[in-house]
Amino acid sequence: RTVEPLEYYRRFLKENCRPDGRELGEFRTTTVNLGKCLCSITTADGSALVKLGNTTVICGVKAELAAPAADSANKGYIVPNVELPSLCAERFRSGPPGEEAQAASQFIADVIENSQMIVKEDLCIASGKLVWVLYCDIICLDYDGNLRDASVFALLAALKNVQLPSVTINEETGLSEVNLKQKNPLIIRKHPVATSFAVFDDTLLIVDPTAEEEDLATGTVTIVTDEEGRLCSVHKPGGSPLTGAKLQDCISRAITRHKEVKKLIDKVIKSITPK
């Protein structure tokens, strides 16, 4: 495993399994905790912790009031940020965001935009005067591959957990008045779910790769779908090309995975919703 890691992996792949005991199309155990279960983010308006095997990601959403941009008077803002601190894996260094963290932040921004999970007009309180800004901070606590799937899942779960106070603008003073006693959930229009694959030897696909598998792979691809089976985005940063048939196979598996993840979120939300 240390001297010839790729040959070591190939022996397992020939038997249609992996060193951790999973089949090639098998995901690691996935768990999600929401909001009040997380004592660590009491200041967030919504939060979630997702574990995908050993990969652990936490997402906190903070809502603030702001003036809209001049060219989009009736649109709010969504500002995602992915952090890969040095404590989550030896490969990351403390300091400003590295290339991987920046790429992950851009990927999340693209997913939000392409899926239309939140329509920015829904964040408008008073056109040209006041809108919501959602700061979505995604922090990796333990990195063992497949950061994108875990991050999209944590983001969706945290947004589903957000409760925004009622805000009105006083006509006489022109000032905003916040009613913390009256809170409403965010309007989530779509539920995107990411499904990632590693490509081995240009032909073999395995789902939910670990960090070790990502390093040995000849390429990776992430498929994002919504609950209607619509393709929101395909992220493929170089590496081995995929045939149309292989890509179609990935999309089919991603649609199946979406149902599993959505069921898991719904179950957790139901368990913490007051009867």
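Predicted, not measured: the structure shown is a model, and the values here were computed from it.

### Quick notes on the packing of helix α2 (residues 99–115) against helix α3 (residues 147–160)
One way to put it is that α2 packs onto α3 with a least axis distance of 11 Å and a crossing angle of 50 degrees. Judged on the interaxial angle alone, α3 and α2 are oblique. Handedness of the crossing formed by α2 with α3: right-handed. In this structure, α2 contributes Ala 104, Phe 107, Ile 108, Val 111 and Ile 112 to the contact, and α3 contributes Leu 147, Arg 148, Ser 151, Val 152 and Leu 155. For the contact of α2 with α3, the per-class residue count stands at eight nonpolar, one polar and one charged.

### Section: the pattern of salt bridges
Tallied over the full model, the rule gives 18 salt bridges. With a closest N to O distance of 3.2 Å, Lys 120 and Glu 113 form a salt bridge. A relative accessible area of 29% means that Lys 120 is categorised as partly exposed. A relative accessible area of 42% places Glu 113 in the partly exposed class.

### Quick notes on unusual backbone geometry
The bulk of non-glycine residues show a negative phi, and the bulk of peptide bonds are trans. Its identity as a non-glycine residue notwithstanding, Asn 16 has a phi of 60 degrees, on the positive side. For Asn 16, the position within the fold is in the loop between α1 (5–14) and β1 (30–34). In the Ramachandran plot, Asp 208 falls in the positive-phi region, its phi being about 45 degrees despite a non-glycine side chain. Within the secondary structure layout, Asp 208 lies in the loop between β10 (204–207) and α4 (211–216).

### A word on a nonpolar patch on the surface
Residues Leu 65, Val 178 and Leu 180 make up a contiguous nonpolar surface patch of about 260 Å² in total accessible area. With respect to the helices and strands, Leu 65 occurs in strand β3 (residues 55–66). Taking relative accessible area as the criterion, Leu 65 reaches 33% and is therefore assigned partly exposed.

The rules behind the values
Residues numbered from 1 in each chain as written. Predicted model: local features only at pLDDT ≥ 70, side-chain atom pairs only at ≥ 80, totals over all residues. Heavy atoms only, no water. Axes fitted to C-alpha atoms, helices over the stretch in contact; angles between N-to-C directions. Helix = DSSP H or I, 4+ residues; strand = E, 2+ residues; numbered from the N terminus. Parallel < 35°, antiparallel > 145°, perpendicular 65-115°, else oblique. Left-handed = near helix turned anticlockwise from the far one by under 90°. Contact = heavy atoms within 4.5 Å. Nonpolar A, V, L, I, M, F, W, Y, C, P; charged D, E, K, R; others polar. Salt bridge = Lys/Arg side-chain N within 4 Å of Asp/Glu carboxyl O. Buried < 20%, exposed > 50% of the residue type's maximum accessible area, 1.4 Å probe, protein only. Patch = residues over 30% accessible without salt bridge, like charges linked within 9 Å, V, L, I, M, F, W, Y side chains within 5 Å. Areas by Shrake-Rupley, 256 points an atom, 1.4 Å probe, with all protein chains shown as cover.

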